[in-house]
Amino acid sequence: MLLNVIWAGFILVAVVSAFVQTLVFGNADILPALVRAMFDTARTGFEIALGLTGVMTLWLGIMKIGERAGLIALMARGLAPLFRRLFPGVPDGHPALGSMTMNIAANMLGLDNAATPLGLKAMRELQTLNPVPDTATDAQILFLVINTAAVTLFPVTIFAYRAQLGAADPTDVFIPLLLASYIATLAGVALTGVIQRLKLFDPVVLAYAGGLTLLVGGVTAWFASLSPEQMQRQSAMWSNGLLLAVVTLMIVAALWRRVNVYEAFIDGAREGFQVAVGIIPYLVAMLVAIALLRASGALELAIGAVRATVAGFGFDTRWVDALPNGIMKSLSGSGARAVMIDSMKTHGADSFVGRLVSIIQGSSETTFYVLAVYFGAVNIRNTRYAAGCGLFADLIGFIAAVGVAYLFFGHLA
């Protein structure tokens, strides 16, 4: 319902703005510009999705190898001690713990197709422990918040879009994106933990959080000590090196377990093709709405007002162009994807804004979509404070994305 209002609102605002400019101000060019934008963007959306097919086919094929090699199960075993403490209301050995760890592990590996069924299974298993079936439990809320701010180690889709839109090095946002998503996840878990009065200072929780924070902090400190040119070069080197290392690990692990890697790749690649084709209607719908909003001048008017306010306080205003992506990310995954693509086409994939919207896109999940799908699957109507915690994580993720973008790419136009 919310996405319906947003999509229709974008189009109606654009059309009304165009007619006002035509009838009141005599701008005879605005209506033809809107019609051109509508048809040109529909064609562009299809072309982008078509070009995305090859990249998605490649990466989902590789990820399927890793899945069959047992890497998700391995990550699940590694997360189990932490999850036992974050979800004290879930008894030891309950199947929900296994499903939750498998879901988070799948999300971290970027295996969306595997993550969603596992997440829905976890919600159904958590629901068996729910004394009030239509009201979310603490465990369900924390699980949802972790999902909305999930750390994704391999944001394949972001890389694919950047490659399709002409980025010189599509993976150069990997380290910044990892930093921003980690900060968002930590913030969401911390706030939810405080509300639920969890023992966040438990030695095991501190060991996990401390270890990850030291690693992330060390990476940040190392890159902060470099010059802008060295930082960009090192980021690209480590991003590409880590990705190649993981691909190699997946193949070696699969061969060790006697998995038919070629067959696994083909099965995953087939899914990648279906994913790429399946997004065409959503991509075209949102791209057209945003293009109309931009062609009418309404989008630039709104952004210009925010930019003027930020400039009035003496701050750099480059991040303001990424604000629509930050807002849309909480509301609609397809909408945020379309805004990201529109920003990269307008400003360039390798511009500061182009890189910033890529980092924002990968630093959090779509909060309202996750809440609707996961809570809807178990008929929960009273979600309590789940949306507030998820949106808090989104806000922190946006601030972190802006911060790391300035750290890594602040020297760019």
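Undergrad: Any chance you could explain the overall build of the chain here in plain terms?
TA: Within the chain one finds 18 helices and 0 strands. Sequence-distant contacts, at least 24 apart, represent 79% of the contacts inside the chain between residues at least 6 apart. Of the accessible surface of the chain, which amounts to about 18400 Å², a share of 69% is contributed by carbon and sulfur atoms.

Undergrad: I would appreciate a short explanation of helix α8 (residues 174-196) in the present structure.
TA: Helical geometry: 3.6 residues make up each α-helical turn, so side chains three or four residues apart lie on a common side. Between its first and last C-alpha, α8 extends 33 Å over 23 residues, near the 33 Å set by a 1.5 Å rise per residue. Downstream of α8 by one or two residues, Arg197 has phi in the positive range, about 55°.

Undergrad: Mind showing me how you'd approach the pattern of salt bridges here?
TA: Pairing between side chains of opposite charge can happen when their charged atoms approach one another. If you walk through the whole model with that rule in mind, you get 12 salt bridges. For Asp202, the salt bridge is made with Arg85, and the minimal N-O distance between the two is 3.2 Å. On the criterion of sequence distance, the pair formed by Asp202 in the loop between α8 and α9 (203-224) and Arg85 in helix α3 (residues 71-86) is long-range, its members being 117 residues apart. Judged by relative accessible area, which is 32%, Arg85 ranks as partly exposed. Here Arg307 makes a salt bridge to Asp321, at a shortest N to O gap of 2.6 Å. With a gap of 14 residues between them, Arg307 in helix α13 (residues 298-312) and Asp321 in the loop between α13 and α14 (323-331) connect regions that are remote in the sequence. Take Arg307: its relative accessible area is 22%, and that puts it in the partly exposed class.

Undergrad: When you look at the side chain of Asn147 in this model, what are you seeing that I'm missing?
TA: Relative to the elements of secondary structure, Asn147 occurs in helix α6 (residues 138-148). The exposure class of Asn147 is buried, given its relative accessible area of 4%. Here Asn147 is in contact with Asn103, Ile104, Asn107, Glu365, Val370 and Tyr374, once residues within four sequence places are set aside.

Undergrad: Can you help me understand the packing of α6 against α8 in this one?
TA: For any two helices packed against each other, one specifies the crossing angle of their axes together with the interaxial distance. It is at 9 Å that the axes of α6 and α8 come closest, and there the two elements cross at 165°. When the axis of α6 is compared with that of α8, the two are roughly antiparallel. As α6 runs across α8, the sense of the crossing is right-handed. For the pair α6 and α8, the contacting residues are Asp138, Ile141, Leu142, Val145 and Ile146 in the first and Gly188, Val189, Thr192 and Gln196 in the second. Its residues assigned to classes, the contact of α6 with α8 shows 5 nonpolar, 3 polar and 1 charged.

Undergrad: Got a minute to help me understand a nonpolar patch on the surface in this structure?
TA: Residues Val15, Val16, Phe19, Val20, Leu23, Val24 and Phe25 make up a contiguous nonpolar surface patch of roughly 710 Å² in combined accessible area. On the secondary structure map, Leu23 appears in helix α1 (residues 2-23).

Undergrad: Looking at this structure, I do not really get unusual backbone geometry. What am I missing?
TA: Apart from glycine, the bulk of residues carry a negative phi angle, and the bulk of peptide bonds sit in the trans form. For Arg258, which is not glycine, the phi dihedral falls at a positive 60°. Structurally, Arg258 is set in the loop between α10 (228-256) and α11 (261-278). Residues other than glycine seldom take positive phi values, yet Asn379 does so here, at roughly 60°. Along the chain, Asn379 falls in the loop between α17 (367-377) and α18 (386-409). Taking the relative accessible area as the measure of exposure, Asn379 reaches 54% and is therefore exposed.

Undergrad: How should I be thinking about helix α12 (residues 280-295) in this particular structure?
TA: Helix length check: α12, at 16 residues, gives a terminal C-alpha distance of 22 Å against a target of 22 Å (1.5 Å per residue), a fit within 8%. Burial in α12 covers these residues: Ile280, Leu283, Met286, Leu287, Val288, Ala289, Ile290, Ala291, Leu292 and Leu293. Positive phi appears at Gly297, one or two residues downstream of α12, with a value of about 90°.

Undergrad: What is the right way to look at the packing of α8 against α18 in this model?
TA: Across the interface, α8 lies against α18 with an axial gap of 8 Å and an inter-helix angle of 150°. Taken as axis vectors, α8 and α18 run roughly antiparallel relative to one another. Note on packing geometry: the crossing formed by α8 with α18 is right-handed. For the pair α8 and α18, the contacting residues are Ile175, Pro176, Leu179, Ala180, Ile183, Ala184, Ala187, Gly188, Leu191, Thr192 and Ile195 in the first and Cys389, Phe392, Ala393, Ile396, Gly397, Ala400, Ala401, Val404, Phe408 and Phe409 in the second. Partitioned by chemical class, the residues of the contact of α8 with α18 number 18 nonpolar, 3 polar and no charged.

Undergrad: Got a minute to help me understand the nonpolar core in this structure?
TA: If you look at soluble globular proteins, the nonpolar side chains tend to sit buried side by side. In this structure, Phe10, Leu356 and Ile359 are the most contacted members of the largest nonpolar core, which totals 61 residues. With 9 residues, α12 is the single largest residue contributor to this core. Every residue in contact with Leu356, bar those within four places of it in the chain, is listed here: Trp319, Ala322, Ala401, Val402 and Ala405. Judged by nonpolar contacts, the second largest core, of 34 residues, contains Ile104, Ile146, Tyr374 and Ile380.

Undergrad: How should I be thinking about the confidence of the model for the chain in this particular structure?
TA: If pLDDT is low for a region, its predicted coordinates should not be looked at in detail. In this model, the chain carries a mean pLDDT of 83, and residues with pLDDT of at least 70 account for 89%. Averaged pLDDT values over the elements of the chain bottom out at 74 in helix α5 (residues 112-127) and peak at 91 in helix α16 (residues 352-362).

Undergrad: Explanation requested: the packing of aromatic side chains in the structure shown.
TA: We describe a pair of aromatic rings using the distance from one ring centre to the other and the angle between the two ring planes. Within this structure, the stated rule accounts for 5 aromatic pairs. Geometrically, the ring pair formed by Trp319 and Phe398 is edge-to-face, given 6.2 Å between the ring centres and 70° between the ring planes. Highlighted residues: Trp319 in the loop between α13 and α14 and Phe398 in helix α18, separated in sequence by 79 residues. Between Phe352 and Tyr406, the aromatic rings sit 4.7 Å apart at their centres with planes inclined by 50°, giving tilted as the arrangement.

The rules behind each value
Residues numbered from 1 in each chain as written. Predicted model: local features only at pLDDT ≥ 70, side-chain atom pairs only at ≥ 80, totals over all residues. Heavy atoms only, no water. Helix = DSSP H or I, 4+ residues; strand = E, 2+ residues; numbered from the N terminus. Contact = heavy atoms within 4.5 Å. Areas by Shrake-Rupley, 256 points an atom, 1.4 Å probe, with all protein chains shown as cover. Expected span 1.5 Å × (residues − 1). Salt bridge = Lys/Arg side-chain N within 4 Å of Asp/Glu carboxyl O. Buried < 20%, exposed > 50% of the residue type's maximum accessible area, 1.4 Å probe, protein only. Axes fitted to C-alpha atoms, helices over the stretch in contact; angles between N-to-C directions. Parallel < 35°, antiparallel > 145°, perpendicular 65-115°, else oblique. Left-handed = near helix turned anticlockwise from the far one by under 90°. Nonpolar A, V, L, I, M, F, W, Y, C, P; charged D, E, K, R; others polar. Patch = residues over 30% accessible without salt bridge, like charges linked within 9 Å, V, L, I, M, F, W, Y side chains within 5 Å. Core = buried A, V, L, I, M, F, W, Y, C linked by side-chain atoms within 4.5 Å. pLDDT = per-residue confidence, 0-100. Phe/Tyr/Trp six-rings, centres within 6.5 Å; stacked < 30°, edge-to-face > 60°.

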